[in-house]
Amino acid sequence: MNQVWPIFKREFAAYFATPLAYVFIVIFLFAMGAFTFYIGHFYENGVADLGVFFAYHPWLYLFLVPAIAMRLWAEERRTGTMELLLTLPAPLWASVLGKYLAAWAFTGVALLLTFPIWITVNYLGSPDNGVILAGYLGSFLMAGAYLAIGTCISATTNNQVIAFVVTVVVCFLFTISGAPLVIDFFRAWAPFTLVSAISSFSFLTHFSAIMAGVIDLRDILFFLSLIALFLAANVVVLDLKKMG
Amino acid sequence: MIEIQGLTKHFGQIAAVSDLSLSVGKGEVLGFLGPNGAGKSTTMKMITGYLAPTAGHVRVCGHDVETQTIAAQTQMGYLPEGAPAYGDMTARQFLRFIAEIRGFRGEGAKEAVARSIARTELVAVLDQPIETLSKGFKRRVGLAQAILHDPPVLIMDEPTDGLDPNQKFSVRSLLKAMAPQKAIIVSTHLLEEVEAICTRAVIIDKGGIVADGKPAELLARSRHHNAVTLALPAAQAQAAIAKIKTLPNVASVEQSGSDDGLVQITAFPKSGALLIEEISATAVREQWDVRELYAEAGRLDEVFRAITTHDAQRAKAAA
């Protein structure tokens, strides 16, 4: 555990040492605003809640989170610092966890910076702030899940573009696995349990449950166990790469 | 302190390292030589636990690198090929990060970083991002990182690559100063480096050891070992060559160059013989107008070429 903290600190600082953090945050906030106000018609709805704001989070994360995740390992591998990091006396899982938590914390910072919309909605009306808090929590957990998938994929390649594209595709499948597009495809031939298992992996289903203000432990556990699963896979991928 | 047994690494069909065994003790500086692609870096990656061997074992200070990775890595300092470092960090931040991962905290970390900085003369560039540093400084940051915890074992992949002669000199002095307390493996392309700092030279080719000995022993294998070269005015050259050929310990004589009316003649000894006294006495007796006269210890590049090209097999048998 001792090594997680220095790795976390280094990784987190690295975002702000380059323009990456600022570019990302600006685009993230701009996109959030654009979706909420122009596509979601935040004002015209005349409802004092952040439903339209959160509704677009899965779709924004689908492209923005892989952009953060793609560099996590691919860049270390390309610049050779991976050799340095993995020959320091730190267990593999500490490196994986430290880097992952830094990236997650960074998305958390970006998410927190959307606070003006919370102020706006409180100024305009009297929303249920409990529901909004649940929405933020759900959004953060979902971002973490996307990120864990992306980190794991980033470890398999030294090419950031490949890491990005593959991550987007995998994340897309997780996002819509409950949607008719996917379910209808399986329903025709697969047994019911498989179909319901696939649809239960849907980020949208779990996220909208939390977003509605119903904090069900099962939804939270879904995201947390998905994160744990992909981080464990990340460790395995790095360990396999040692074999050459 | 480093024991390598039967180390083998295959990448698919290619055997990068095959059945390599070696042990390095305290006070030894082992120069690891070989052509590009001979398996030097792969071997170092396995010693430091970055790559897992296909077969064989590496033990560092008694810890098996594969099963007790962290314990072994704690005892090692490693400078990977190209001295990678996080370019966005300053040298100070980077070394601080390394110190923390290596378990130093607070004052202890400060001291370790300061000591390492002083040894590698990094003070001038401490607060610049590493990516803006010159190649020489980058290499020294890598070096500082490797020696930060004063490890008993140092593994360095081309530590002086890309340095200017002054920087090379200071890195070599540093390694020499640390050598008595440590076991050091240095890979290099520079044969002069082996003569300058190594107590032992190992040449590998196609993944296996083809020569292993003190630099002087390797030099003794050179055709130029104890060869004597003298420079004479062109007028005396032919007579001198004829005369030298008659000396009992001379195996052969070659005219090795001519310049400005002077001719250089090199006499090669029969194995092991010393020629310099005989030839200088002859030169005095014959009243040659000698402008240059010197004996050679041998040429490492010649040995290196001979071993790693055509007669690699014969050299292995001889060793």
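Everything numeric here is computed off the predicted structure, so don't read it as measured data.

Trainee: If you had to explain the interface of chain A and chain B to someone new, which residues and values would you point to?
Mentor: Reports often express the size of an interface as the amount of accessible area lost when the parts come together. Counting residues at the interface gives 27 residues for chain A, matched by 27 residues for chain B. Each partner contributes to the roughly 2,400 Å² buried at the junction of chain A and chain B, and carbon and sulfur atoms together form 65% of this total. There are two salt bridges connecting chain A and chain B. Ionic pairing is found between Lys9(A) and Glu100(B), a salt bridge with its closest N-O pair at 2.9 Å.

Trainee: Can you break down the pattern of salt bridges residue by residue, with the values?
Mentor: Where charged atoms of side chains with opposite charge meet at close range, the side chains can pair. Per the stated rule, a full pass over the model turns up 23 salt bridges over all chains. A salt bridge links Lys99(A) to Glu76(A); its shortest N-O distance comes to 2.6 Å. In this pair, Lys99(A) sits in helix α8 (residues 92-112) while Glu76(A) sits in helix α6 (residues 71-79), placing the two residues 23 residues apart along the sequence. Glu76(A) carries the same exposure label as Lys99(A), and that label is buried. Glu286(B) serves as the salt-bridge partner of Lys243(B), at 3.9 Å between the closest nitrogen and oxygen. Taken together, the residues span a long stretch of sequence, with Lys243(B) in helix α9 (residues 234-245) and Glu286(B) in the loop between α10 (276-285) and β14 (292-295) at a distance of 43 residues. On the basis of relative accessibility, which here comes to 30%, the residue Lys243(B) falls in the partly exposed class. With relative accessibility at 35%, the residue Glu286(B) sits in the partly exposed group. Members of the salt-bridge network, linked through shared partners, are Arg10(A), Glu11(A), Arg71(A), Glu75(A), Glu76(A) and Lys99(A).

Trainee: Describe the packing of helix α14 (residues 203-211) of chain A against helix α15 (residues 217-241) of chain A, with residues and values.
Mentor: Residue and element names in this part refer to chain A. Put simply, α14 and α15 touch, their axes get as near as 9 Å, and they point 135 degrees apart. Between α14 and α15, the crossing angle belongs to the class labelled oblique. Crossing handedness for the pair α14 and α15: left-handed. Together, Phe203, His206, Phe207, Ala209 and Ile210 of α14 and Asp219, Ile220, Phe222, Phe223 and Leu226 of α15 make up the contact between the two elements.

Trainee: Tell me what's going on with the sheet that holds strand β2 (residues 14-24) of chain B, and back it up with residues and numbers.
Mentor: Residue and element names in this part refer to chain B. One open sheet accounts for four strands, arranged β2-β1-β4-β5; its pairing is antiparallel. Of all strands in the sheet, those with a lone pairing partner are β2 and β5 (63-64), marking the two edges. Of the strand pairs in this sheet, strand β1 (residues 2-11) and β2 are connected by seven bridges, and their pairing is antiparallel. Pairing of Ile2 across the sheet is with Val24, part of β2. Contacting β1, β2 and β4 (55-60), helix α1 (residues 40-47) runs over the sheet at an angle of about 120 degrees to β1.

The rules we used
Per chain, residue numbering runs from 1 following the sequence as it is written. By the order in which they are written, chains take letters starting at A while ligands take numbers starting at 1. For this predicted model, a pLDDT threshold of at least 70 governs which residues receive local features, and a threshold of 80 or more governs which side-chain atom pairs are given and counted, while totals over whole chains, interfaces and linings are taken from all residues. Where side-chain values are given, they derive from all heavy atoms of the structure, hydrogens and water being excluded. Contacts between residues were defined by any pair of non-hydrogen atoms, one from each residue, lying within 4.5 Å. Once two parts are put together, the accessible area they lose, assessed with a 1.4 Å probe and summed over both, is termed the buried area. In what follows, salt bridge is the name for a side-chain nitrogen of Lys or Arg lying within 4 Å of a carboxyl oxygen of Asp or Glu. Numbering goes from the N terminus for both helices and strands, where a helix is a DSSP run of H or I of at least four residues and a strand is a run of E of at least two. Accessible area is worked out with a 1.4 Å probe on protein chains only. A residue is then buried under 20% of its type maximum, exposed over 50%, and partly exposed in between. Each axis is a line fitted through C-alpha atoms, and for a helix only the stretch in contact is used; angles between axes span 0 to 180 degrees, taken between their N-to-C directions. Each angle gets one of four labels, with under 35 degrees taken as roughly parallel, over 145 as roughly antiparallel, 65 to 115 as roughly perpendicular, and the rest as oblique. Working rule for handedness: look at the near helix, and if it is turned counterclockwise from the far one by less than a right angle, call the crossing left-handed; if clockwise, right-handed. For two strands to count as paired, DSSP must find a minimum of two bridges between them.

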